[in-house]
Amino acid sequence: MSSYARRRHELSKWLEQDELDLFIVSSRPNLRYLTGFTGEGIGLVSASRAVLITDRRYEIEAGEEASDCQVVFAEQGHLQQLASYLAELEQPRAGFESQHLSYANYRKLAELADAADLVPAEGVVEGQRAIKDDTEIAAIRRAAQVVSEAVPWVIAGLTAEITERRLSLRLREAILQAGGDDVSFEPVVAFGENSARAHAVPTDRKLAQGDVVLIDAGAKVEGYCSDMTRTVVFGEPTRKFIEVYKTVHRAQHAAMGAIAPGAVAAEVDAQAREVIDSSPYEGSFGHSLGHGVGLEVHEGPKLGKASEEVLAAGQVVTNEPGIYLPGWGGIRLEELVLVTEQGAQLLTQAPYLEW
Ligand code: ZN
Ligand code: ZN
């Protein structure tokens, strides 16, 4: 059985529980997860079959990637094809992804396939995707190695007057050179005061002596993402830089120790937050501690203040506390880890600053 067939088999157990005859998959990463197909299309999964509806643009990919699915090439649009497929069944109960099928398409489908009972479902395949299998872990591991190589290389080549934009291009190049198929998101490169923005977009700001340099990047390998952040200083660090850096590092370390199967995500987040909130930088950690990473760079589980999700072995998550001080700058340190029975296993491996 292929890993795709295995995943579909898992999904069909859930279908049975919810008394659904089939599941309509319209999210692209979910479709890839269940069929291997990387193009645009709609999947139909039931206990006994897997159908991929796409069009002739993807004839080669569909044949190669979704070889164990029945491939149907739509002549008049994917939705139309889906409706005629549903019409052949007897009043099917069909689950659909309410987070991904647009309202307009839902209405169109309901009209075209009026005998079908369309049942909204949320996060079903996403829930499955949160626990990675061995093939997925291997790809994420490679994507993590790529970014772990690229970021220190770019840091070692920092020169005065380089712009954030230029450095971000260099980083992209380094990621491809290190073996990444692509970047997993637009790299964040922020100098000086710009690093106080957690989601900074590279500008023409030039690097100057004493600047904080925050680099957040990721690679994609075989569709799987990595995500890592390092913050350094260009020139000599100030006492404040060292103090903030150490606080963030301690926060990360505290959370790292709490990552284990059975841990509640909010409690892992709290470990890091407590370190920062009991320092002079109380309240300066304004985002969640982390997120799952896989086919998408942001997926489940969420590691946040209010996240009641329970960690499990096989999840891949980030641990990324930060301290952001408007006008001064920000320091974030981010690692990608695999949740194992023994706790957090580091997937990213780039050096930290030491004093
Ligand atoms: Zn990141
Ligand atoms: Zn992240």
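Attention in this report is confined to the structure presented alongside it. Everything quoted here is computed from the prediction, not taken from an experiment.

Cut-offs used in this document
- Residues numbered from 1 in each chain as written.
- Chains lettered and ligands numbered in written order.
- Predicted model: local features only at pLDDT ≥ 70, side-chain atom pairs only at ≥ 80, totals over all residues.
- Heavy atoms only, no water.
- Helix = DSSP H or I, 4+ residues; strand = E, 2+ residues; numbered from the N terminus.
- Buried < 20%, exposed > 50% of the residue type's maximum accessible area, 1.4 Å probe, protein only.
- Donors = N, O, S within 2.8 Å, 3.2 Å for Na, K, Ca; no water.
- Tetrahedral: all angles 85-135°; square planar, octahedral: opposite > 155°, others 65-115°.
- Pairing = 2+ DSSP bridges.
- Axes fitted to C-alpha atoms, helices over the stretch in contact; angles between N-to-C directions.

**A short note on unusual backbone geometry**
Part 1 of the reasoning: Going from G300 to P301, the amide bond is cis rather than trans, its omega being -5°.
Part 2 of the reasoning: Residue placement: P301 occurs in strand 14 (residues 299–303).
Part 3 of the reasoning: Positive phi values are uncommon outside glycine, yet Q91 reaches one of about 40°.
Part 4 of the reasoning: The class for Q91 is exposed, based on a relative accessible area of 61%.
Part 5 of the reasoning: Despite not being glycine, E222 shows a phi value in the positive range, around 50°.
Part 6 of the reasoning: Tracing the chain through its elements places E222 in the loop between strand 10 (219–221) and strand 11 (224–225).
Part 7 of the reasoning: E222 gets classed as partly exposed once you look at its relative accessible area, which sits at 46%.

**Some details on the coordination of the zinc ion (ligand 2)**
Part 1 of the reasoning: Protein ligation of the zinc ion (ligand 2) involves D227 (OD), H291 (NE2), E320 (OE) and E334 (OE), the donor distances falling in the range 2.1 to 2.2 Å.
Part 2 of the reasoning: Geometry at the zinc ion (ligand 2) is irregular, judged from the 4 donor atoms that bind it and their angles of 81 to 154° at the metal.
Part 3 of the reasoning: One chain supplies every donor to the zinc ion (ligand 2), and in sequence these donors are spaced D-x63-H-x28-E-x13-E.
Part 4 of the reasoning: Between the two metals, the zinc ion (ligand 2) and the zinc ion (ligand 1), the spacing is 3.1 Å, and D227 donates to both. Of this pair, H291 sits in strand 13 (residues 290–292) while E320 sits in the loop between strand 15 (316–319) and strand 16 (322–325), and the two are 29 residues apart along the sequence.
Part 5 of the reasoning: For H291, a relative accessible area of 8% corresponds to the buried category.

**A closer look at the environment of V232**
Part 1 of the reasoning: Within the fold, V232 resides in strand 12 (residues 228–233).
Part 2 of the reasoning: For the pair V232 and G210, spaced 22 residues apart in sequence, the C-alpha separation works out to 9.9 Å.

**Here we look at the coordination of the zinc ion (ligand 1)**
Part 1 of the reasoning: Only D216 (OD), D216 (OD), D227 (OD) and E334 (OE) from the protein coordinate the zinc ion (ligand 1), and they sit 2.0 to 2.5 Å from it.
Part 2 of the reasoning: One can describe the donor arrangement at the zinc ion (ligand 1) as irregular, given that its 4 donor atoms subtend angles of 57 to 146° at the metal.
Part 3 of the reasoning: Between the donor residues of the zinc ion (ligand 1), the gaps in sequence give the motif D-x10-D-x106-E.

**Here's the deal with the sheet that holds strand 10**
Part 1 of the reasoning: Ordered by their spatial adjacency, 3 strands build an open sheet running 7-10-11, and the pairing between neighbours is antiparallel. If you trace the sheet from one side to the other, it starts and ends with strand 7 (182–183) and strand 11, each paired once.
Part 2 of the reasoning: In the sheet, strand 7 pairs with strand 10 via 2 bridges, with the strands oriented antiparallel. Across the sheet, residue V183 finds its bridge partner in strand 10, namely A219.

**Concerning the sheet that holds strand 2 (residues 42–45)**
Within a beta sheet, neighbouring strands are joined by backbone hydrogen bonds and run either parallel or antiparallel to one another.
Part 1 of the reasoning: Spatial ordering of the open sheet is given by 4-3-2-1-5-6, a layout of 6 strands whose pairing is mixed. Looking at the sheet topology across the chains shown, the edges are occupied by strand 4 (70–73) and strand 6 (117–121). The mean angle between the axes of side-by-side strands here comes to 25°, regardless of whether they run parallel or antiparallel.
Part 2 of the reasoning: Note: strand 1 (residues 22–25) against strand 2, 3 bridges, orientation antiparallel. The residue bridging I24 from the neighbouring strand is L44, located in strand 2.

Note that all results are geometric; they support no functional claim without further evidence.
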